[in-house]
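# Commentary on secondary and tertiary structure
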Amino acid sequence: MRLEIVQVGEAVLRQAGKTLSPAEIVAPECQQLIELMRETMRNAPGVGLAAPQIGLSLQLAVIEDTGESEITERAPVPFHVIANPRLELGPEIVEFYEGCLSVEGFQALVPRSRSVRVHALNHKGEPVVIDASGWYARILQHEIDHLGGTLYIDRMRSRTFSTARNFARHWAGVPIPEVLARLETPETKSAT
Ligand code: ZN
């Protein structure tokens, strides 16, 4: 069974989710929810899914990435759960394209920290510390944003916002500095 993924414009995507106690996380209802979120994420397909994206205002997200890429420092990440996460951002910023299952059919360049540390609870309600870099760090930042009511469109370089079709037509494979040189105005370039 897959759950419906809500789209931008739904208020739940703009609310901070409610925190979960360890007892709530290990309860059968929450374990079942995690399974449904896993199936929904895989079917989408996506590399992460946050509870607000299925209409539930909770501090809960699932992550799994099977992809690999040297350009985006992407390596496989096994399935796991984060609840009530707290994020520490590393100082180095990297830019890459991002999309969202709740902003269907679009993408944009989003500056994010290259590395992060996350304090969270896992699927057993146990505290964990995750040190991540590269694409995994980007996934974590994107999903944790969802739990606070923030979407990538709040952080994107808005002039790089594109339909997926136009991205494939015009921008796939173009180096990021060239994309910025062609799309950004002189004012925005000097401001970064
Ligand atoms: Zn998203």
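For the structure, see preceding data.
Note that the structure is predicted; figures quoted are calculated from it, not measured. The numbers attached to residues start from 1 for each chain and follow its sequence in the written order. Totals for whole chains, interfaces and linings use all residues, but because this is a predicted model, local features are given only for residues with pLDDT of at least 70 and pairs of side-chain atoms are given and counted only at 80 or more. Excluded from the side-chain calculations are hydrogens and water; all other atoms, namely the structure's heavy atoms, are used.

## Focus: the sheet that holds strand β3 (residues 77–89)
Rules: When DSSP finds at least two bridges between two strands, those strands are taken to pair. What counts as a helix is a DSSP run of H or I of at least four residues, what counts as a strand is a run of E of at least two, and both are numbered from the N terminus. Angles shown run from 0 to 180 degrees and are taken between the N-to-C directions of axes, each axis being a line fitted to C-alpha atoms and, for helices, limited to the stretch in contact.
The five strands are arranged β1-β2-β3-β6-β7 in an open sheet whose pairing can be described as antiparallel. Each of the sheet's edge strands pairs with one partner strand only, and the pair in question is β1 (48–50) and β7 (127–133). Taking the axes of each pair of neighbouring strands and ignoring which way they run, one obtains an average angle of 40° across the sheet. Pairing of strand β2 (residues 60–65) with β3 involves five bridges; the strand directions are antiparallel. Bridge pairing links Val62 to Val81 in β3.

## Digging into the pattern of salt bridges
Two side chains with opposite charge may pair up if their charged atoms get near one another. Our working definition: A carboxyl oxygen of Asp or Glu within 4 Å of a side-chain nitrogen of Lys or Arg is what we treat as a salt bridge. Three exposure classes are used, based on accessible area relative to the maximum for each residue type with a 1.4 Å probe and protein chains only: buried under 20%, partly exposed in between, and exposed over 50%.
Under the criterion given, the structure shown has 16 salt bridges. With its nearest N and O atoms 2.5 Å apart, the salt bridge here joins Arg114 to Glu73. Of this pair, Arg114 sits in the loop between β5 (103–113) and β6 (115–121) while Glu73 is found in the loop between β2 and β3, placing the two residues 41 residues apart along the sequence. When its relative accessible area of 37% is taken as the criterion, Glu73 is described as partly exposed. Arg157 is the salt-bridge partner of Glu95, the closest N and O atoms lying 2.7 Å from each other. Taken as a pair, Glu95 in strand β4 (residues 93–100) and Arg157 in the loop between α3 (135–147) and β8 (162–163) lie far apart in primary sequence, 62 residues in all. Classification of Glu95 by relative accessible area gives partly exposed; the value is 22%. Each of the salt bridges in this network shares a partner with another, and the network as a whole consists of Glu98, Arg112, Arg138, Asp145 and Arg155.

## Side note on the side chain of His80
Test applied: Under the rule applied, a polar contact is a pair of N or O atoms within 3.5 Å (in protein, one hydrogen donor and one hydrogen acceptor; residues adjacent in sequence only if both atoms are side-chain atoms). Contacts: residue pairs with any heavy atoms within 4.5 Å of one another.
Its place among the elements puts His80 in strand β3. Look at His80 and you get buried, because its relative accessible area is 18%. Of the polar contacts made by the side chain of His80, one reaches the side chain of Tyr136; its length is 2.8 Å. Non-local contacts of His80, meaning those with residues more than four positions away in its chain, are made with Ala61, Val62, Ile63, Ile130 and Tyr136.

## Concerning the coordination of the zinc ion
Basically, it comes down to this: In this listing, donors mean N, O and S atoms no farther than 2.8 Å from the metal, or 3.2 Å for Na, K and Ca; water is missing from the atoms, so a site can look incomplete.
Within the first shell, the zinc ion binds the protein through Cys100 (SG), His142 (NE2) and His146 (NE2), at distances of 2.1 to 2.2 Å. Counting residues between consecutive donors of the zinc ion along the chain gives the motif C-x41-H-x3-H. In this pair, Cys100 is assigned in strand β4 and His146 in helix α3, connecting sequence segments 46 residues apart.

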